[in-house]
Structure formats: structure tokens, C-alpha cells
Amino acid sequence: MNVALKVEHLNKHFRQPEDFHVLQDISFSINKGEFVPIIGKSGCGKSTLLYLLSTLDTDYDGKIIINDTLVTGKSQNELAQFRNENIGFVFQFHFLLPEFTALENVMLPALKLGRYPKEEIEAYAMEKLKQLQMDGFAHKLSSKLSGGQQQRVAIARALVNNPTIIMADEPTGNLDSGNTKLVFDIFNDLAHNQGITVVTVTHDMDFANNADRVIEMADGKIKL
Amino acid sequence: MTVDTFIAQRHLLANKKQTLVAMLGVTFGIAMFILMISFMMGVNKFMEDTMLSSTPDIHIYNDIKTDYSVSIAGDYYNDKQALIIVHHPKPKQVTLNIKNAHGIINDLRKDATIAHISPLLSTQVFYNYGSVQINGAINGVNIIEEAKLFDLASKMTEGVPENLLSTDKGILMGQGLADKLNLKMGDMVSLVTPKGTSMRLRVVGLFKIGIGTIDNTRSYVNLANVQQLMGEDKSYITDINVKLNDNKMAVIKAAELSKKYNYKAEDWETANSSVTASNLVRDVLTYVVSITLLVVAGFGIYNIMNMTINNKMKDIAILKAQGFAGKDIVQIFLSQSLFIGLLGALFGELLGFLLSYALSNVPFPHNDFISLKYFPVVFMPAHYIFGLVFGLVTPFVAGLMPSLKASKIDPVAILRG
């Protein structure tokens, strides 16, 4: 199997208010098409780990390799470009842009990438929304949608640039059980039928128990 | 349209009221700038025109020498050892005419930068009318030349300048002076010089330049009449007035002429330094007030951009997570600021123009000494270009800091909540 994500000897310190060794010598790798939840108690460092993997946080020691590219040490602008092309994000609080319609929210990352003309992007974004059964709400302002609907739009947005990895931070943290199941099924489908690696931080044990493999963290270390 | 401008546009339209308020700040600032500068420049132009209607570009005359550094007393004693000190020297008796005036005039006529030359013989006189006696001055001139120099034809309230040529002993009198002496067209007035000679003249025209001190004291008489009155010959001239093609050259040209002919040559700016100084004060005042207004407008934009960015922290974080780089964020917010500035400036220029136009149609309160019908306003493209440039620079500076701040937002801190 191809390796999608590889981490070597990752160390991170929080220096404020006092020095705290939050991630301690973490190494692991995740294959393409794997669905891997990261679980652990609050404060164990799992979100911190996710933000390091996502390249948003660059203040760490060690190496992160995504799709055979060493992302450690790249400049902020290079990383922005890299995220745009390779990583899709889903967050706990949906984080859609409220002034834009659902469809426009999905289109924005693709417009930023600028690889295809606007019409094609629009058609493709629509297709992604349809895949998540949100096509009926495409032209509604995102602020007018319910929490579950917003999360599905956010997933469609994460998929629009055909990323190889989806990273999610508590994607179901704000959803009821019905929507949680829906999101789980979507992620499962993405990983197993479309070969997209899904890495997600979660508290939801049901979510974790049905996944391929679980990375459990405790006190800044991976429990094996 | 790039995706950055698409986002910027959506932000502006989502907060129409806020956009409008920021824009109105710029609009008002630019409008006031246009109004103030148009009016102030109008006043300056009016002052300059009035001044130039009574002051030649260059005035060449024979000044009383006040250089007492050389004395012939030493020659008289002819003693190399003696130290000669002369206390309280007085100017020697001189004739104040310009020697070889005709030669100088003919020489000046060859100069391509000079438009008109008017020779002048000026003297103090008393105007007698009945028992009234008023101190004043007469200018003996070649009226055709003098009229060209100061556009006298347009300043006549009665008669025409050429009347002086068709009358044997005519006089063109300042309106204020004529009113004081109760003189009408065709009346006779007698002049007495300080030397005691006198002459009777007929009023053949009245003029009003718009400066009280001139209208109340000055008259024009044919050069030959004044020479006759003073008992001088035909070549006796005290002043030469010169009009240049470009009056901005006067300072340089005056120095050149002074050196060449060895007479005092005074340019109009020096002769009217108080007017030039007050013009400068008005200019400075205009720019200070205008820039203050625009800076205040700039702070308005700065505040609103700061507020927008504080409200959009999450959006900025999400954009960054999705691959928008710092420069994209700067572009998104700076373009909003520039758009507000550009549109505000354009509306401001329009409003400024309308206000200045309205002001130029407001009648000026009637005044005997100032020949103004309406408030003086000038319309100059340069002011509008300056307004536009400032309308773009201000929001650029005001928007840059918040935009840079936005681009430096750490998405992790916000996304983690």
C-alpha cells in the first residue's frame, strides 16, 4: 500500500504560559485510502497533532511527509498552495463563509486553485453537493442552513479540489446522532470507494470503533 | 474577476451600510477639499488679477541712491594719511528721470519675451476744484501703450482711454477721486505741482481698477502735457513699465534688466510681496485643512476595516486553511479599502464640483472698492486629479495596516476555538 502520510519523531512544546511538552516523539504512517480516527482524552494533544499534520501549525521539531513531499520547512506561501491542492478540511464548527451561498462556498477553493474555468468548477461543485444530497440547497446562503447541512456543505468543499487527504477536527462534535451517522458513512465511502485518506480527531467512540484503525493518544504519546 | 476580488466584492455588498459610511467619509473629505481649493485659488487669482491690473510685470525707475560708502571728501583733502569721516551724509540732488529712455525703450522692443512697454512720467500733484484741494498723483503716459498694459478699456466706467488723444488737455480720472472732487465727464479740474506750476484739464474719462488707493488718487494724462506741466523736455521720463509674455519670469527678467541698464527694475512679486505672502498663507491653509479632512476620512476607513477584519477572523482562518496565502488575504481586504476610496473620491469630486459651481453663482456682497460680482471660484483639472490621487492614497495607507494584520492571523488559534 502507498503511504499517504508519514510522521517522524514529532515533538512540540507549548511555551506559554510555561513550557509544556505536548507531543513527545511521535512517529507513525497512514496509507492511502485509510480511514483513521485519532482519539484520546481532552488535552492529550490530538488536535495539536492534527494541526501539525495539516501544515497550518509549523512550530515543531521532526518531519512530516505528505504524498512523498516533505512539508517541514516550506514557506507559508508554499504551504498555502500545498493545502489548496492536497488537503481538504472539515471542522467542528462548520466554518462556512456566511456571505456566500452553499455552492459558492464549495467553489472557492477551486477558484483559488484556478486550474479549471469557472463554469466547470461550478458544475463540479454542484456534483459534489449532489453526492452529499445538498444540491437542493446550493443557492441558499450558507448562514441559512442547519448545522448538519452546513457540515455536509463543508465536506463537499473539502472535496472540491480532489485532495488526497481529508483532515477533520471533531466533525461530528456539534451534530445529532443521525447527522453523525451520515458524516461517518460519507467518510467511510470516501476512504474505501474513492481512495481518499481520512484523518479525523474525534471523541465519538462509535465513530472510532467502526474505522479501519484508531490512533489513540495519551499524554502526548501514541498508545499502541 | 479573480477569486480575491470576488470575495472582496461580496464582503462590501454584504455590509452595504458600513461600506456607505466609510465611503461618505472620503466623499465628504474630497468634496470639501475641492470646494476649498477651488474657492481659495479663486480668491488668489482675483487678488493676483487685481494686483496685476495696477502693477506692471516689471517697473524700471531711477531710485534715489542710498549708497553713502563713497565720498569725494577724501579727494578734497588729498592727504593719504588722513582718516576722513563724513557724518550724516544726505542724498545729492538728482533728477529722477531715466537717461536715454528712448534708447532703452528701443532696446526693450527687440526683446522677444516682452509683450508691451509703456513709458511713464509720474508726479505728485494737488487737484483743485473750487476750494477743495486733494493730494494725488498723475501719470503722464502714452495712453495706447498704457491701455494695452493694464487693459484699461475694460476698467472705464465712463468714456474710453482714446478720448485722451482726441482732446488737447484731457484727463482720465479714478472714480473715487472724481467722486470726492464732485467731478463729472466734461468738467474742468486744475492741477498744481509741488513746484507751483499749474494746468487746467478736462475730464474725458473715469476708471475704476478696484483698488481704493489707486482709484482715489490716480489720473492719466498725456505724456506731453505732464512734461509741459513740469517744464521738462520731450525726453524726460521717470519710469518704464514692462509687460512680459509670461509674468512668472518677472523675477529673473527684472534682475537681468536692472543689471543691463543700471536702473532699479522691480518685478510685480516683489512690489506686491504682501499679496504674494497672503496667497501663500491661503494655499497652506487650504492644504492643511484639506489634508486634515482626508486624514480623518482615512481614520474612518481604518476603523471600519479593523472592525470588518475582527468580525471576519474565522473567515480569514478558514480561507487560510483552504490554501489562501497571506498575500491573498491582503488583497481581499486592501481592495475593499481601495474600492471604498475610489468610489468615495469620485462621488466627492462630483459633489465638490457641484458645491464650487453653486458657490461661483452666489453674488458677492456689494462693495465700492472690490469689483466682484460673484464669489471667485476657479475650476482646475489639477485639483481634481490631486483629489483622486489622495482619495486612493489615503485608503491604501488606512487599509494596509489592518490588511497586513489580517494576513498574519494564526489560523490554528482561531480554528481550535
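Think of each chain on its own: its residues are numbered from 1, step by step along the sequence as written. Note on labels: chains are lettered from A, ligands numbered from 1, in written order. Totals for whole chains, interfaces and linings use every residue, but because this is a predicted model, local features are given only for residues with pLDDT of at least 70 and side-chain atom pairs only at 80 or more, for both listing and counting.

Numbered from the N terminus, helices here are DSSP runs of H or I no shorter than four residues, and strands are runs of E no shorter than two. What chain A contains, in helices and strands, is seven helices and 10 strands. Put simply, the radius of gyration uses C-alpha atoms, and a globule should come to 2.2 Å times the residue count raised to 0.38. For 224 residues, the compact-globule estimate of 2.2 N^0.38 gives 17 Å, and chain A sits close to it at 17 Å. Overall, chain A is about 45 × 40 × 40 Å in size when its C-alpha atoms are taken along their principal axes. Exposed residues have 12 or fewer other C-beta atoms within 10 Å of their own C-beta, buried residues have 20 or more, and partly exposed residues fall in between, where C-beta atoms are placed from the backbone. Buried positions account for 49% of the 224 residues belonging to chain A. Partitioning the contacts of chain A with sequence separation of at least 6, the portion at a separation of at least 24 is 71%. Residues are defined as contacting one another if the C-beta atoms placed from their backbone atoms lie within 7 Å.

Residues and elements named next belong to chain A. Following DSSP output, two strands are said to pair if at least two bridges run between them. If you walk across this open sheet you meet the six strands as E6-E7-E8-E3-E9-E10, and the pairing is mixed. Here the strands that pair on one side only, and so sit at the sheet edges, are strand E6 (87-90) and strand E10 (221-223). Neighbour-to-neighbour, the strand axes of the sheet open up by a mean angle of 25 degrees, direction not taken into account. Note on geometry: axes are C-alpha line fits, over the in-contact stretch for helices, and angles between N-to-C directions span 0 to 180 degrees.

This part is about the interface of chain A and chain B. At the interface, 20 residues of chain A touch 18 residues of chain B. At the level of secondary structure, the elements contributing two or more residues to the side of chain A that touches chain B comprise helix H1 (46-53), helix H2 (76-86) and helix H3 (102-113) of chain A. Partitioning the side of chain A that touches chain B into residue classes produces 11 nonpolar, five polar and four charged. Any residue outside Ala, Val, Leu, Ile, Met, Phe, Trp, Tyr, Cys, Pro, Asp, Glu, Lys and Arg is labelled polar, Gly included; the first ten of those are nonpolar and the last four are charged.

So, about the packing of helix H2 (residues 16-52) of chain B against helix H15 (residues 381-407) of chain B. Residues and elements named next belong to chain B. The contact between H2 and H15 brings their axes to 10 Å, and the two run at 150 degrees. Relative to H15, H2 is oriented roughly antiparallel. The two elements H2 and H15 cross, and the hand of that crossing is right-handed. Two secondary-structure elements touch here, H2 through Val26, Ile30, Phe33, Ile34, Ile37 and Ser38 and H15 through His383, Tyr384, Gly387, Gly391 and Pro395. For classification purposes, angles smaller than 35 degrees are called roughly parallel, those larger than 145 roughly antiparallel, those between 65 and 115 roughly perpendicular, and all remaining angles oblique. Throughout, a crossing is termed right-handed when the near helix is turned clockwise from the far one, and left-handed when it is turned anticlockwise from it by less than a right angle.

What follows deals with the sheet that holds strand E4 (residues 61-66) of chain A. Residue and element names in this part refer to chain A. Strand order in this open sheet of four strands is E2-E1-E4-E5, and the pairing throughout is antiparallel. Where the open sheet ends on each side, the last strands, each with one partner, are strand E2 (20-31) and strand E5 (69-70). The pairing of strand E1 (residues 3-14) with E2 spans eight bridges and is classified as antiparallel. Pairing of Lys12 across the sheet is with Leu23, part of E2.

Residues and elements named next belong to chain A. Any helix carries an expected span of 1.5 Å times its number of residues minus one. In a regular helix each residue adds 1.5 Å, so 18 residues correspond to 26 Å; helix H6 (residues 177-194) covers 25 Å between its end C-alpha atoms and thus fits that length. By the burial criterion, the buried members of H6 are Thr180, Val183, Phe184, Ile186, Phe187, Leu190 and Ala191. Take H6 and look down its axis: the buried residues cluster within an arc of 160 degrees, on one side only. Residues of H6 that are exposed and point more than 90 degrees away from the buried face comprise Ser177, Gly178, Asp185, Asn193 and Gln194. Buried residues belonging to H6 abut strand E3 (35-40), helix H5 (147-159), strand E7 (165-169), strand E8 (197-201) and helix H7 (205-209). The first or second residue beyond H6 is Gly195, which carries a positive phi of 70 degrees. To be clear, the arc concerns the directions from the helix axis to the C-beta atoms.

All names here are of chain B. Here Tyr220 is to be found in strand E8 (residues 218-222). Given 26 C-beta atoms within 10 Å, Tyr220 falls into the buried group. Between the C-alpha atoms of Tyr220 and Leu164, which are 56 residues apart in sequence, the distance is 8.5 Å. Here Tyr220 is in contact with Asn139, Val141, Ile143, Glu146, Leu164 and Leu172, once residues within four sequence places are set aside.

What follows is about the environment of Leu183 of chain B. All names here are of chain B. By secondary structure assignment, the location of Leu183 is in the loop between helix H7 (175-181) and strand E6 (188-192). You can call Leu183 partly exposed: it has 18 C-beta atoms within 10 Å. C-alpha separation for the pair Leu183 and Leu206, spaced 23 residues apart in sequence, amounts to 9.7 Å. Those residues in contact with Leu183 that lie beyond four places of it in its chain are Tyr129, Met173, Ala178, Val189 and Val203.

With 119 residues, the main nonpolar core has Ile38, Val106, Met107, Ile166, Met167, Val198 and Val199 of chain A as its most contacted residues. Ranked by the residues each element gives to this core, the list is headed by H2 of chain B, at 15 residues. Aside from chain neighbours lying at most four places away, what touches Ile38 of chain A is Lys46, Leu49, Leu50, Val199, Val201, Ile215 and Met217 of chain A. Joining buried Ala, Val, Leu, Ile, Met, Phe, Trp, Tyr and Cys residues through C-beta atoms within 7 Å gives a set, and that set is a nonpolar core.

Take the pairing of E8 of chain B next. All names here are of chain B. With five of five residues buried, E8 is to be regarded as a mostly interior element. Side-chain alternation along E8 places Arg218, Tyr220 and Asn222 on one buried face and Ser219 and Val221 on a second face that is also buried. Bridge count for strand E3 (residues 132-141) against E8 is five bridges, and the pairing is parallel. For Gly140, the partnering residue across the bridge sits in E8 and is Val221. Pairing between strand E5 (residues 170-174) and E8: two bridges, direction antiparallel. The residue of E8 that forms the bridge with Met173 is Ser219.

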